[in-house]
Amino acid sequence: MLKRITSVFFLPILLAGPSLSQANCPVDSSAQTKISFPLKPQEMKNQFPQLRASLPTLSGISDQQLMAIMASMGDNFYWAHPKSKGSTEGLLILAHGTNGPGDNELFEKTKPLSDNYITSLAFGMSMMTSNHISCALLQMRKQGVEKIYVVPLTESPYNTLVQQWKYAFGLEKKFAYGDIEKIKTEDIQFLEPINDHFYAREIVYDFAKEISINPKKELVIVVAHGPIDLEDNKKQLQLMSNIAKHVKTQGGFYDAIPMSLQDDAAPKIREENIRKFRKIVEKNSRKGIRILIVSDLTSSQGIQARIKRDLSGLDYSFNEAGLSSHPLFLKWIETSIANAQ
């Protein structure tokens, strides 16, 4: 089992690239409400060429179709928790967002963190803007925060979402989706994703236990969204293999294996991954092995619905819960911050 230590990126002040001034942020930035950052249609269309070049799944669709996809994702926004009395440290949680009840659930579950930190959540993939992140940080600074920890809610660093966020913070040279505003970064520490941290292994193990009946005759498949890039996918699978080994050893399961769908890769790549996925389920089911599918996704409302469609007609049990729904997820955030201090 690999022993991993949470890494921290210390961010210098960015001297190049635009940054937000107070005038660019909503006037009522102290309100405990969702502050959205909608883009005008022409602003979005201007960045469509970059999106098509970055994401294979978008390469062949029209402007109208792409506009509909962007609209279905909702606006980027931030949402601050009530102020923690006397705190001089801030915590900004970066989340993909579901444009639905999952956002509310995450907001409620992370409220305990505001007991010790001035806390805000920035929702959205930051494909076309980072304004919601900059304004969330500005709001914290107006409240006297001296240091801010940024926690990306993604299962690993090997995906385009966290790479886009890192680009906004000056930690990646190339954007993953599109060119967006650089963020003012003094007094910020950008923490690593959960990866195969002990808490990640324990959470996934708990998910498997919840749907297990007879471990010795059950195969646990740990499934994740997965990266686009082949080499990144290999690294992701290694992290997931460490989680799967922990699940198998702790639970005494017949076996536990990782499965990365590479959900945003070219259609042929995803289709091949699904073909392998179905073959594993079918082959083991014929041997009398019960199939348990558990998530290495941070959200409970991500690609789970697509996975069920992909496995239509097969016999399996699926715990759709995401890592962030588990109580240990907050402990991981607290531990990451403590290790960074």
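Residues numbered from 1 in each chain as written. Predicted model: local features only at pLDDT ≥ 70, side-chain atom pairs only at ≥ 80, totals over all residues. Heavy atoms only, no water.

(A) Structural view of the confidence of the model for the protein chain. Within the protein chain, residue pLDDT values average 89, and 91% of them lie at 70 or more. Here residues 1–10 scores under 50 on pLDDT; set against residues more than four positions off or in separate chains, the count is 29 contacts. In the predicted structure, residues 12–23 sits below a pLDDT of 50 and forms 22 contacts with residues beyond four places in sequence or in another chain. (pLDDT = per-residue confidence, 0-100. Contact = heavy atoms within 4.5 Å.)

(B) Examining the packing of aromatic side chains more closely. Applying the stated criterion to the full structure yields eight aromatic pairs. Each ring, one from Tyr167 and one from Phe175, has its centre 5.8 Å from the other, and the planes form 80 degrees; the classification is edge-to-face. Accessibility classification places Tyr167 together with Phe175 in one group, the buried group. Ring geometry for Phe198 against Tyr199: centres 6.0 Å apart, planes inclined by 50 degrees, an arrangement best described as tilted. (Phe/Tyr/Trp six-rings, centres within 6.5 Å; stacked < 30°, edge-to-face > 60°. Buried < 20%, exposed > 50% of the residue type's maximum accessible area, 1.4 Å probe, protein only.)

(C) The pattern of salt bridges, seen in detail. In the structure shown here, the tally under the stated rule is 13 salt bridges. Among the ionic pairs, Lys209 bridges to Asp206, the shortest N-O distance being 3.4 Å. Residue Lys209 and its partner Asp206 are both found in helix α6 (residues 198–211); the two are separated by three residues, about one turn of the helix. The partner of Glu282 in a salt bridge is Arg278, with the nearest N and O atoms 3.9 Å apart. Within this pair, Glu282 and its partner Arg278 are both found in helix α8 (residues 267–286), separated by four residues, close to a single helical turn. Judged by relative accessible area, which is 23%, Arg278 ranks as partly exposed. (Salt bridge = Lys/Arg side-chain N within 4 Å of Asp/Glu carboxyl O. Helix = DSSP H or I, 4+ residues; strand = E, 2+ residues; numbered from the N terminus.)

(D) Broad picture of the sheet that holds strand β10 (residues 290–295). The sheet built from four strands is open, its strands ordered β9-β8-β10-β11 with parallel pairing. If you trace the sheet from one side to the other, it starts and ends with β9 (255–260) and β11 (317–319), each paired once. In this sheet, neighbouring strand axes are inclined to one another by 20 degrees on average, regardless of whether the strands run parallel or antiparallel. Lying on the sheet, helix α7 (residues 230–251) is in contact with β8 (218–224) and β9; it crosses β9 at an angle near 155 degrees. (Pairing = 2+ DSSP bridges. Axes fitted to C-alpha atoms, helices over the stretch in contact; angles between N-to-C directions.)

(E) A look at the side chain of Ser260. Its location among the elements puts Ser260 in strand β9. Taking the relative accessible area as the measure of exposure, Ser260 reaches 2% and is therefore buried. At a separation of 2.5 Å, a polar atom in the side chain of Ser260 contacts the side chain of Asn233. With residues up to four places along the chain from it excluded, the contact list for Ser260 reads Ala224, His225, Gly226, Pro227, Asn233, Leu237 and Asn273. (Polar contact = N/O pair within 3.5 Å; in protein donor to acceptor, adjacent residues only side chain to side chain.)

(F) Expanded view of the pairing of strand β6 (residues 147–152). Across the six residues of β6, five count as buried, placing the element largely inside the fold. Relative to β6, strand β4 (residues 89–95) runs parallel, the two being bridged by six bridges. For Ile93, the partnering residue across the bridge sits in β6 and is Val151. Where β6 and strand β7 (residues 188–191) come together, three bridges link them in parallel fashion. Note on β7: the bridge partner recorded for Ile148 is Ile188. One crossover worth recording links β6 to the parallel β7 by way of helix α5 (residues 160–168), and it is right-handed. (Right-handed = clockwise from strand over helix to strand, strands pointing away.)

(G) Structural context of the packing of α6 against helix α10 (residues 327–340). Look at α6 against α10: their axes get within 9 Å of each other, and the N-to-C directions meet at 180 degrees. Classified by the angle their axes make, α6 and α10 are roughly antiparallel. Contacts between α6 and α10 involve Tyr199, Glu202 and Ile203 on the former and, on the latter, Leu328, Phe329, Lys331, Trp332 and Thr335. Across the contact of α6 with α10, the residue classes tally to five nonpolar, one polar and two charged. (Parallel < 35°, antiparallel > 145°, perpendicular 65-115°, else oblique. Nonpolar A, V, L, I, M, F, W, Y, C, P; charged D, E, K, R; others polar.)

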